[in-house]
Amino acid sequence: MTLPNRSSRLSGFHHQSPPDRLAAVAAFAGLDAATVGHLADFGNLDPHLADRLIENVIGTMNVPVGIATNLKVDGRDVLVPMATEESSVVAAVCNAARQCYDAGGIVTSMSGPLMIAQVQLVQVRDPHSARVKILEKREEVKAACDACDPVLVSLGGGFRDLEVRVLDTLGGSMVITHLIVDTRDAMGANAVNSMAERLAPHFEAWTGGKVYLRILSNLADRRVARARAVWPVEAIGGQEVRDGMISAYQFAEADPYRAATHNKGIMNGVSAVVLATGNDTRAVEAGAHAYAARGGRYTSLSRWEVTADGDLAGVLELPMAVGLIGGATKLHPTARACLAILGVGTAEELARVTAAVGLAQNFSALKALATTGIQKGHMALHAQNIALMAGAVGEEVDAVARALVARGEVRVDIAAEELGRLRGRRGE
Ligand code: MEV
């Protein structure tokens, strides 16, 4: 590809309005009028708000929001909004939830809303003494942390605990302090990062060391959401299906290559709820995968077993640092609408429902994989996307998709051929 010699040094870009930035980008990339018009349409997100949420905004990226039905979580029926571009993800949750609904649905719990901030101290001559010196200052650390966020404290949150480790690293011993903070209904990144920054000079003064990093840990293993459910063996198609699913889990438990895919399926559900509610998908993803490797070997986040009655029981546990206040959760109107649909009153309730969705997602993936394979269900929806890509509109989409599935060839060239044939029959 030959590109004209153009500069990415767009002076003053940051200070421009979104339309002016778009014009500059269009000139740079040679976008046609239709593409510019498309990007200029911000849909249901106010351009001023978009421009405040991130930097250098020129447009928005719409992702479909679907509703997972049939979910009963802790005895309460819930409709769960899921934002995802991937077909079959929402349907998978609906199907899994339907198959355990009569048996009571999904039961959830949570370890508590505790986040960890890390402070890295280096160049400490006597790291073990430094560790104990910091631990001796627990009350001062607590007071300094709580003074950072009186509102959080008034809501029942704030400093909870202090942990200090001497870490052996490539650069020698480091003294790593964990501030453990109850962040209540906030995801808590801002709160704990401020506390870590506030404490850093004190740690230097107490130990003679030098602080570099002051930042939360996404391995939020003090904020673990749990979900469990039982699927009656007759509701899932019998013992052979159950045993195939257990075997699929055992494969993931033993093999990181499979565990990565197994956990990706779980995160299909989890991240879709996290995104729909305006929370930080990357934080939750990072936490989940780090948690999956906490024993030193990457493994499955879920566990599957047979109950005394011969039914299938599934359990999922993963860190779930989500909040109801702050950032896009509070500002993005779609996130607010999704939270209203969910009807959750606390970050803990949101975390628990999200874990329930992850478990349901995993159930459906294992069931499909252990029986018909995922391509059958996937292909029907995928065929619709391919039909759209070939230019089908309205009722043509279903007709072309059906033809692709019947031919067993879900490809754009075949879709174009089928579309041509369909239009030919209609005399177009
Ligand atoms: C696809 O997005 C997710 C699956 O690959 C998950 C799994 O294999 O368990 C179907």
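Residues numbered from 1 in each chain as written. Predicted model: local features only at pLDDT ≥ 70, side-chain atom pairs only at ≥ 80, totals over all residues. Heavy atoms only, no water.

1. Quick notes on the pattern of salt bridges
A side chain of one charge can pair with a side chain of the opposite charge if their charged atoms are brought near each other. Scanning the entire structure with this criterion turns up 25 salt bridges. Put simply, R160 and D182 hold a salt bridge, and the shortest N to O gap is 3.4 Å. In this pair, R160 sits in strand β5 (residues 158-169) while D182 sits in strand β6 (residues 172-182), placing the two residues 22 residues apart along the sequence. Classification of R160 by relative accessible area gives partly exposed; the value is 35%. Since its relative accessible area comes to 4%, D182 is described here as buried. Each of R407, E409, R411, D413, E417, E418 and R421 takes part in a single network of salt bridges with overlapping partners. (Salt bridge = Lys/Arg side-chain N within 4 Å of Asp/Glu carboxyl O. Helix = DSSP H or I, 4+ residues; strand = E, 2+ residues; numbered from the N terminus. Buried < 20%, exposed > 50% of the residue type's maximum accessible area, 1.4 Å probe, protein only.)

2. Notes on unusual backbone geometry
A positive phi angle, close to 55°, is found at N56, a residue other than glycine. With respect to the helices and strands, the residue N56 is situated in the loop between α3 (47-53) and β1 (65-73). Judged by its relative accessible area of 34%, N56 is partly exposed.

3. Looking at the domain arrangement of the protein
Looking at the assigned domains, one finds that the protein contains domain 1 (13-53), domain 2 (65-109 + 224-370), domain 3 (114-216) and domain 4 (376-425). Averaged C-alpha coordinates put domain 3 and domain 4 at centres separated by 58 Å. (Domains from an automatic or database assignment.)

4. Topic: the nonpolar core
L71, V80, M82, W231 and M320 are the most contacted members of the largest nonpolar core, which totals 60 residues. Here the element with the most residues in this core is helix α14 (residues 347-370); it accounts for 11 residues. Here L71 is in contact with R76, D77, V78, V80, V93, A97, I106 and V357, once residues within four sequence places are set aside. Grouped together as the second largest cluster of nonpolar side chains are 31 residues, V141, V164, A196 and V211 included. (Core = buried A, V, L, I, M, F, W, Y, C linked by side-chain atoms within 4.5 Å. Contact = heavy atoms within 4.5 Å.)

5. Points about the packing of aromatic side chains
Taken as a whole and judged by the stated rule, the model has 4 aromatic pairs. Ring plane angle 10° and centroid distance 4.3 Å describe the contact between W231 and F363, whose orientation is recorded as stacked. With W231 in strand β8 (residues 224-231) and F363 in helix α14, this pair connects stretches of sequence that are 132 residues apart. By relative accessible area, F363 is classed as buried at 0%. Judged by centre distance (6.3 Å) and plane angle (45°), the ring pair of W304 and F363 falls under tilted. Separated by 59 residues along the polypeptide, W304 in strand β9 (residues 302-306) and F363 in helix α14 bring together distant segments of the chain. No difference in accessibility class separates W304 from F363, as the two residues are buried. (Phe/Tyr/Trp six-rings, centres within 6.5 Å; stacked < 30°, edge-to-face > 60°.)

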